[in-house]
Amino acid sequence: MDDIVKAALAKWPNVPHCHGWLGLDARGQWYMRDDRVQAAGPFARSKGSPLRHDKLIAFIHRNYAADELGQWFFQNGPQRVYVELENTPWVWRLQPDGGVQAHDGEPVAVRASLLDEEGRLYLDTDRGIGLVHTADMALAAEAVEAGRWQPEAVRVDELPARYGFVRSPEAMKKAGH
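The following refers to the structure shown. (Residues numbered from 1 in each chain as written. Predicted model: local features only at pLDDT ≥ 70, side-chain atom pairs only at ≥ 80, totals over all residues. Heavy atoms only, no water.)

**Here we look at the overall build of the chain**
What counts here: Secondary structure elements follow DSSP: runs of H or I of four or more residues count as helices, runs of E of two or more count as strands, with numbering from the N terminus. Within these notes, the globule rule equals 2.2 Å times the number of residues to the 0.38 power, and the radius of gyration is based on C-alpha atoms. To sort residues, take the accessible area from a 1.4 Å probe on protein chains only and compare it with the maximum for the residue type: under 20% means buried, over 50% means exposed, and anything in between is partly exposed. Contacts are residue-level and defined by heavy atoms, with any inter-residue pair within 4.5 Å sufficient. The charge count includes Lys and Arg as positive and Asp and Glu as negative, but it does not include His or the ends of the chains. Throughout, a charge is located at the NZ atom of Lys, the CZ atom of Arg, the CG atom of Asp or the CD atom of Glu.
Scanning the chain from terminus to terminus reveals six helices and 13 strands. Computed over its C-alpha atoms, the radius of gyration of the chain comes to 17 Å, within 12% of the 16 Å expected for a compact globule of 177 residues. If one aligns the C-alpha atoms of the chain with their principal axes, the spans along those axes are about 50 × 35 × 30 Å. For the chain, the residues scored as buried account for 44% of the 177 residues in total. Taking the intrachain contacts of the chain between residues at least 6 apart in sequence as the baseline, contacts between residues at least 24 apart amount to 52%. Between the mean site of the 21 positive side-chain charges and the mean site of the 25 negative ones, the chain shows a separation of 5 Å.

**Section: the packing of aromatic side chains**
Short version of the rule: The rule is short: rings of Phe, Tyr and Trp, with Trp giving its six-membered ring, pair when the centres are within 6.5 Å, and they are stacked under 30 degrees, edge-to-face over 60, tilted in between.
Tallied over the full model, the rule gives eight aromatic pairs. For the pair Trp-30 and Tyr-64, a centre-to-centre distance of 5.2 Å together with 85° between the ring planes defines the contact as edge-to-face. Of the two residues, Trp-30 sits in strand β2 (residues 30-32) while Tyr-64 sits in strand β4 (residues 64-66), which places them 34 residues apart along the sequence. The class for Trp-30 is buried, based on a relative accessible area of 1%. Looking at Tyr-64, the relative accessible area reads 9%, which means it is buried. With centroids separated by 5.3 Å and ring planes inclined at 80°, the aromatic side chains of Tyr-64 and Trp-90 adopt a geometry described as edge-to-face. Highlighted residues: Tyr-64 in strand β4 and Trp-90 in strand β7 (residues 90-94), separated in sequence by 26 residues. Judged by its relative accessible area of 4%, Trp-90 falls in the buried class. Site record: aromatic cluster; members linked through ring pairs are Trp-30, Tyr-64, Trp-72, Trp-90 and Trp-92.

**Digging into the sheet that holds strand β3 (residues 49-50)**
Inclusion rule: Two strands pair if DSSP finds at least two bridges between them. Structural elements are reduced to axes, namely lines fitted to C-alpha atoms, with helices fitted over the stretch in contact, and the angle between N-to-C directions of any two is expressed from 0 to 180 degrees.
The mixed open sheet is built from six strands, whose spatial order is β3-β2-β1-β6-β5-β4. In the strand order of this sheet, the two ends are held by β3 and β4, each with one partner. Pairing geometry for β2 and β3, over two bridges, is antiparallel. Bridge pairing in β3 links Tyr-31 to Pro-50. Along the sheet, helix α3 (residues 54-62) makes contact with β1 (18-24), β2, β4 and β5 (72-76), crossing β5 at roughly 115°.

**Remarks on the side chain of Asp-116**
Just so we agree on the cut-off: Whenever a nitrogen or oxygen atom comes within 3.5 Å of another N or O atom, the pair is scored as a polar contact, on the condition that within protein one atom can donate a hydrogen and the other can accept it, and that pairs from neighbouring residues in sequence are kept only if both atoms are in side chains.
Here Asp-116 is to be found in the loop between β10 (110-115) and β11 (121-125). Within the structure, Asp-116 has its side chain in polar contact with the backbone nitrogen of Glu-118 (distance 2.8 Å). Within polar-contact distance, the side chain of Asp-116 engages the side chain of Arg-120 at 2.6 Å. Among residues more than four places away in sequence, those in contact with Asp-116 are Tyr-122, Val-154 and Val-156.

**As for the environment of Thr-88**
With respect to the element layout, Thr-88 can be found in the loop between β6 (79-85) and β7. Here the alpha-carbon distance between Thr-88 and Gly-128, two residues 40 residues apart in the chain, equals 9.4 Å. Contact partners of Thr-88, with chain neighbours within four places excluded, come to Leu-24, Tyr-122, Ile-129, Gly-130, Leu-131 and Phe-165. Looking at Thr-88, its side chain comes within polar contact range of the main-chain oxygen of Trp-90, at 2.6 Å. Polar contacts involving the side chain of Thr-88 include one to the main-chain amide nitrogen of Leu-131, which spans 3.1 Å.

**Looking at the nonpolar core**
How we decide: Working definition of a nonpolar core: buried Ala, Val, Leu, Ile, Met, Phe, Trp, Tyr and Cys residues. They are joined through side-chain atoms within 4.5 Å.
Residues Leu-22, Trp-30, Tyr-64 and Trp-149 are the most contacted members of the largest nonpolar core, which totals 35 residues. In this structure Leu-22 touches Trp-30, Tyr-31, Arg-33, Leu-51, Ile-60, Phe-74, Val-81, Tyr-82, Val-83 and Glu-84, once residues within four positions along its chain are discounted.

This is the structure:
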């Protein structure tokens, strides 16, 4: 977490949390969701406006974390902005040399691979569970064919409980949790 964020938290410890305004899609793209977009439906149906400002995206990446309930958020100064997830909290990018990077560009170590009922590939890593980016499936197939990964079958709806994350903190808040 950035030092400036830590200082803001210390100075203003009781700023209300923000829900529904930020989303991460299955390709690692961030979206801003205003009132109109939120009223149109959940994140998977109504994404909002993609963020394009590189410095803002880098700031989000440096201050992206999960709380004790598995709800992912971006700590924006003193305000916690909870993130709506289209799928998982991480999106993995595969590298030609066999390496794997998170959507924030940081390298990860793969522990296991999983394949859901729709053919999507997930990797369990030292940073948690994430979805392999669709553009990298040829590299993923090479890793499977070479025996580096042996995907285990998994149902997509089992992933949040199994790996301890919440896809929609906004829905959880509305349900009274």
